[in-house]
Amino acid sequence: MLLQTEEKRNGNPRNIEDGVILSLRGVKKHFGGLKAVDGVDMTLNKTEILGLIGPNGAGKTTLLNTISGLLMPDGGEITFRGISITSLPAFKRAKLGIARTFQIAKPFGLLTVEENILIGLGCKLHGHISSLFQNCRKQEILQKARDIINMIGLYDCKDQPASSLPIGLLRKLEIGRALAANPSLLLLDEPAAGLNNQERNELAGLVRTIREEGISIILIEHSMSFVMNLSDRIVVLHRGRKIAEGSPSDVANDPLVIEVYLGTKGGKYAS
Ligand SMILES: Nc1ncnc2c1ncn2[C@@H]1O[C@H](COP(=O)(O)OP(=O)(O)OP(=O)(O)O)[C@@H](O)[C@H]1O
């Protein structure tokens, strides 16, 4: 098995409700008078792909940031694998198994694809990259890096500097770097933005493979075909509030979602 999730490492996960890996209750994040996230309740099931959609400025990235710990919520409770993480800093959430990608991929451009993945593995396993090259587990770590590189489909360019990659491959590398942290929850912020159809299809295949490895996924995306085809369930945000939740077709048929976000393009996903 390529990646070991917490469940696979430890047998039964600690103390979590049946099937639920992440739970948000009344989560709020305000910027001055702006209620960017305004009391959101949400759950994520194990190995579920949850699409998070809504108009620009709806609060999607802000909500993701409160889950990853980049932002501390101003109210509410976030539980991950049965543990309250509401006030934990980002690095502690990462240690518990939450990894993310950003809207703009920022790899170490001068380093190769493989070195970028090794940094993720080194930070996870040893705390500092320099120790990676001295320790006796070098072969094992290199093998893990190769496994991840194979999984993201970048083996042929593993020795190329990251800065030389086109955007479709950069997005995969960004995901590979997140996988190096051995997460059980992966947060993807607009991974398909700017990709052509072929790149999107490849990315969708990768996301499905990651789920098959036992990893739960929250996916923010404006590409409706991408998110509707991939997601088991969709949550719709508008002005910081959850306005709808359900299967892709339920959400596509929801009059309020059609009014504030999907418009007529929702019809295609309504069957
Ligand atoms: N650090 C910040 N300081 C002040 N306002 C912010 C900050 N971050 C986000 N906002 C505001 O919060 C609101 C929600 O932003 P957010 O980026 O979460 O929306 P979004 O749904 O992800 O939008 P998009 O689809 O355009 O990425 C917006 O009005 C945004 O301008």
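Think of each chain on its own: its residues are numbered from 1, step by step along the sequence as written. It should be noted that, the model being predicted, local features are given only for residues of pLDDT at least 70 and side-chain atom pairs only at 80 or more, the latter also being counted only at that level, while totals for whole chains, interfaces and linings use all residues. With hydrogens and water excluded, all non-hydrogen atoms of the structure serve as input to the side-chain values.

By the naming in an unreviewed UniProt entry, the protein goes by Amino acid/amide ABC transporter ATP-binding protein 1, HAAT family and is assigned to Acetomicrobium mobile.

### Digging into the overall build of the protein
To qualify as a helix, a DSSP run of H or I must reach at least 4 residues; to qualify as a strand, a run of E must reach at least 2; elements of each kind are numbered from the N terminus. In terms of helices and strands, the protein carries 11 helices and 10 strands. Buried means the residue's accessible area, taken with a 1.4 Å probe over protein chains only, is under 20% of the maximum for its type, while exposed means over 50%, and partly exposed covers the values in between. Taken across its 271 residues, the protein has 51% of its residues classed as buried. Looking at the protein alone, contacts between residues at least 24 apart form 65% of all its contacts between residues at least 6 apart. Values of accessible area rely on a 1.4 Å probe in the Shrake-Rupley scheme; residue burial ignores everything except the protein chains shown. Summing over all exposed atoms, the protein offers an accessible surface of approximately 12100 Å²; the carbon and sulfur share of this is 50%. Any two residues having at least one pair of non-hydrogen atoms within 4.5 Å are treated as being in contact.

### Overview of the site of the ligand
If even one non-hydrogen atom of a residue comes within 4 Å of a molecule or strand, that residue is called near it. Asn-56, Gly-57, Lys-60, Thr-62 and His-222 are the nearest of the 14 residues found near the ligand. Taking Lys-60, its side chain carries an N or O atom lying 2.8 Å from an oxygen atom of the ligand. In the environment of the ligand, an oxygen atom lies 3.4 Å from a nitrogen or oxygen atom belonging to the side chain of Gln-103. Against a free-state accessible area of 630 Å², the protein chains account for coverage of 60% of the ligand. Looking at the shell around the ligand, the elements that each hand over two or more residues are β2 (34-45) and α2 (60-68). For the shell around the ligand, the element with the highest residue contribution is α2, accounting for three residues. Residue composition of the shell around the ligand, grouped by class: five nonpolar, seven polar and two charged. Pairing of N or O atoms within 3.5 Å defines a polar contact, subject to two protein rules: one partner must be a possible hydrogen donor and the other a possible acceptor, and residues neighboring in sequence count only if both atoms are side-chain atoms. Amino acids are sorted into nonpolar (Ala, Val, Leu, Ile, Met, Phe, Trp, Tyr, Cys and Pro), charged (Asp, Glu, Lys and Arg) and polar (every other residue, Gly among them).

### Examining empty space enclosed by the protein
Summary: where empty space remains is shown by rolling a probe the size of a single water molecule over the atoms. Whether a set of points on the 1 Å grid over the protein atoms alone is a cavity depends on a 1.4 Å probe fitting there but being unable to get out, while an open set qualifies as a pocket with protein on both sides within 12 Å along at least five of seven lines; lining residues are those with an atom within 4 Å of a point. Grid points are joined across faces, edges and corners, and a volume is the space filled by probe spheres set on the points. Following the criterion strictly, the structure yields one cavity of 30 Å³ or more and no others. Empty space within the largest cavity amounts to approximately 30 Å³. As for the largest cavity, its lining consists of Thr-101, Phe-102, Arg-171, Glu-174, Ile-175 and Pro-191. Partitioning the lining of the largest cavity into residue classes produces three nonpolar, one polar and two charged.

### Brief notes about the packing of helix α7 (residues 167-179) against helix α8 (residues 197-212)
Note on method: axes are straight lines fitted to C-alpha atoms, helices fitted across the in-contact stretch only, with angles between N-to-C directions ranging 0 to 180 degrees. It is at 10 Å that the axes of α7 and α8 come closest, and there the two elements cross at 15 degrees. Classified by the angle their axes make, α7 and α8 are roughly parallel. Crossing hand, α7 versus α8: right-handed. Touching Gly-168, Lys-172, Ile-175 and Leu-179 of α7 are Glu-199, Glu-202, Leu-203, Leu-206 and Ile-210, all from α8. Among the residues making up the contact of α7 with α8, the classes are represented as five nonpolar, one polar and three charged. Orientation categories follow fixed angle ranges, with anything under 35 degrees roughly parallel, anything over 145 roughly antiparallel, 65 to 115 roughly perpendicular, and all other angles oblique. For any pair of crossing helices, the crossing counts as left-handed if the nearer helix is rotated counterclockwise from the farther one by less than a right angle, and right-handed if it is rotated clockwise.

### Observations concerning unusual backbone geometry
Residues other than glycine seldom take positive phi values, yet Asn-182 does so here, at roughly 60 degrees. Tracing the chain through its elements places Asn-182 in the loop between α7 and β7 (185-189). The exposure class of Asn-182 is buried, given its relative accessible area of 16%. Although it is not a glycine, Arg-239 sits at a positive phi angle of roughly 50 degrees. Along the chain, the position of Arg-239 falls in the loop between β9 (233-238) and β10 (241-246).

### Brief notes about the pattern of salt bridges
When a carboxyl oxygen of Asp or Glu lies within 4 Å of a side-chain nitrogen of Lys or Arg, that pair is called a salt bridge. Per the stated rule, a full pass over the model turns up 11 salt bridges. A salt bridge links Asp-74 to Lys-29, with the nearest nitrogen and oxygen atoms 3.7 Å apart. Taken as a pair, Asp-74 in the loop between α2 and β4 (75-80) and Lys-29 in strand β1 (residues 20-31) lie far apart in primary sequence, 45 residues in all. For the salt bridge of Glu-114 with Arg-146, the shortest nitrogen-to-oxygen distance reads 2.5 Å. Here the residue Glu-114 occupies a position in helix α4 (residues 113-126), and Arg-146 occupies one in helix α6 (residues 138-151), the gap between them amounting to 32 residues. For Arg-146, a relative accessible area of 26% corresponds to the partly exposed category.

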